[in-house]
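# Structure at a glance
Chain by chain, the residues run as shown.
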Amino acid sequence: MNYFSSDFKLGILGGGQLGKMMLYETRKFDIHTTVMDSSPDAPSKIACNQFIQGDLMDYDAVYNLGKKVDVLTIEIENVNVNALAKLEEEGVKVYPPTRALRIIQNKAKQKLFYVDNNIPTADFQRFAYKSEIEDSINNGGIKFPFIWKATQFGYDGQGVKVVRKMEDLEGLPSGECITEVLVPFKNELAVIVSRSASGEVKTYPVVEMEFHPEANQVEYVICPARIPESVAKKANEIALKVSDKLKHVGILAVEMFQTQEDDILVNEVAPRPHNSGHYSIEASYTNQFEQHIRAILNLPLGNTESKVAGIMVNLVGAEGHTGDVEYQNMEDILKLDGVTPHIYGKKQTRPFRKMGHVTIVNPDIAKAREIAELVKNTIKVISQ
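Only a predicted model underlies this, so the values are computations on that prediction, with no experimental measurement involved.

### Describing the sheet that holds strand E9 (residues 177–181)
- Strand order in the open sheet formed by 4 strands is E6-E9-E7-E8, with antiparallel pairing between adjacent strands. Two strands close off the open sheet at either side, each with one partner strand: strand E6 (124–127) and strand E8 (160–163). For this sheet the average axis-to-axis angle between neighbouring strands, irrespective of direction, equals 20 degrees.
- As judged from the 4 bridges shared by E6 and E9, these two strands associate in the antiparallel manner. The partner of Arg126 across the bridge, within E9, is Ile178.
- Those strands touched by helix H5 (residues 107–116) are E6, strand E7 (146–150) and E9, and its axis lies near 140 degrees from that of E6.
- Each of E6, E7 and E9 touches helix H6 (residues 131–138); the most contacted strand, E6, lies at about 130 degrees to it.

### Details of helix H7 (residues 229–246)
- With 18 residues, H7 extends 26 Å from end C-alpha to end C-alpha; this agrees with the ideal 26 Å at 1.5 Å per step.
- Here H7 has its buried residues at Val231, Ala232, Ala235, Ile238, Ala239, Val242, Ser243 and Leu246. Across the axial projection of H7, the buried residues extend over an arc of 140 degrees, all falling on one side. With respect to the buried face of H7, the exposed residues turned more than 90 degrees away are Glu229, Ser230 and Lys233.
- Those residues of H7 hidden inside the fold are in contact with helix H4 (98–105), H5, strand E10 (187–195), strand E14 (250–258) and strand E15 (264–270).
- Lys247 lies just past H7 and shows a positive phi near 55 degrees.

### Overview of the sheet that holds strand E5 (residues 93–94)
- Ordered by their spatial adjacency, 5 strands build an open sheet running E3-E2-E1-E4-E5, and the pairing between neighbours is parallel. Strands at the two margins of the open sheet, each flanked by one partner only, are strand E3 (50–53) and E5.
- Where strand E2 (residues 32–37) meets E3, 4 bridges bridge the pair, whose relative direction is parallel. Each residue of the ladder has a partner; that of Asp37, found in E3, is Gln53.

### Some remarks on the pattern of salt bridges
- Taken as a whole and judged by the stated rule, the model has 24 salt bridges.
- Here Arg226 ties to Glu208 by a salt bridge, and the two come within 2.7 Å at their closest N and O atoms. Of this pair, Arg226 sits in the loop between strand E13 (218–223) and H7 while Glu208 sits in strand E12 (residues 207–211), and the two are 18 residues apart along the sequence.
- Note on Arg226: relative accessible area 44%, which makes it partly exposed.
- Close ionic contact of Arg226 with Glu210 constitutes a salt bridge, the shortest N to O distance being 3.1 Å. Within this pair, whereas Arg226 is found in the loop between E13 and H7, its partner Glu210 is found in strand E12, the two being separated by 16 residues in sequence.
- Residue Glu210 is classed as partly exposed on the basis of its relative accessible area of 21%.

Cut-off values and rules
Residues numbered from 1 in each chain as written. Predicted model: local features only at pLDDT ≥ 70, side-chain atom pairs only at ≥ 80, totals over all residues. Heavy atoms only, no water. Pairing = 2+ DSSP bridges. Helix = DSSP H or I, 4+ residues; strand = E, 2+ residues; numbered from the N terminus. Axes fitted to C-alpha atoms, helices over the stretch in contact; angles between N-to-C directions. Contact = heavy atoms within 4.5 Å. Expected span 1.5 Å × (residues − 1). Buried < 20%, exposed > 50% of the residue type's maximum accessible area, 1.4 Å probe, protein only. Arc of directions from axis to C-beta. Salt bridge = Lys/Arg side-chain N within 4 Å of Asp/Glu carboxyl O.

In short, the description is geometric, and any link to function would need to be established separately.
The structure is reproduced here in structure tokens:
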């Protein structure tokens, strides 16, 4: 199949920043793209060949897009999987495959999948309704503190909450959810696995994630992770096992906890390019977005090694600011060596909304971390 400067069409469900960064790569290869998103101002709109405004959960909208393309992929999990299953039946290549997406889309199914496949994960309980959690607490079935997660449609710290007392359950959605034991972890790690349609597999180096204490969002991603080689090896092996059992195609980000005893527990996975791989645009031989395109088109996978140590800082909307976005002190960070900002193109900011990221590369990881701190404290994402 000739993908380059040809009649071949790639469809992407979702037009956010992940889609936009994927489109940097399809532009590089001159691959024709059609993107669908519900927002008329989606960041991907400026970079694709054809943009369709449509609801990703709407069966007809997803099905009709799929009939216009040769390969269909996603940049967000919340899409209509029944439409994808029908398209697969009719011969459209859908990556990641619907079977994998059905498991990942629902956090309860995802956790059961880990248990069924002997993949280590935190102990959990599944509830059809939030009210059942209160009964379980009263009967001694669950102990505080624990993690509450909505089974569907969570992202970026939404749909997840640490519950320390009964009142913390107030205001949470009442539908299907899981509770997890709160793991007193030493580190949050992630491994990105790429798998091509023919089954070629490569992993990126283990990264370490530092979280914002209030927003429950990643603040820094550090590559390579500052962990012993034995822990990195274990994390890599477990990520490969998850990938093998899921049989996904494309990029799979496997988020994990490193416990106090240096065991590895899988937290959750994302079947698409991921925040934990953004550093790769500047730091790796083959970035995660190009690798995703290579994998779903069954092209040879690229080299996943890093050329240099990389740290990513998320740019999120400042607290107390909602409205037309303004980026302050950009010139100050552009003066710094090895610093590259990526602005996603979202015109409206709100507290903790992901508006961009900055990559810092340096041969010395400690120096890169210092510069990352400086970047974080200098740049401000506010409303005008």
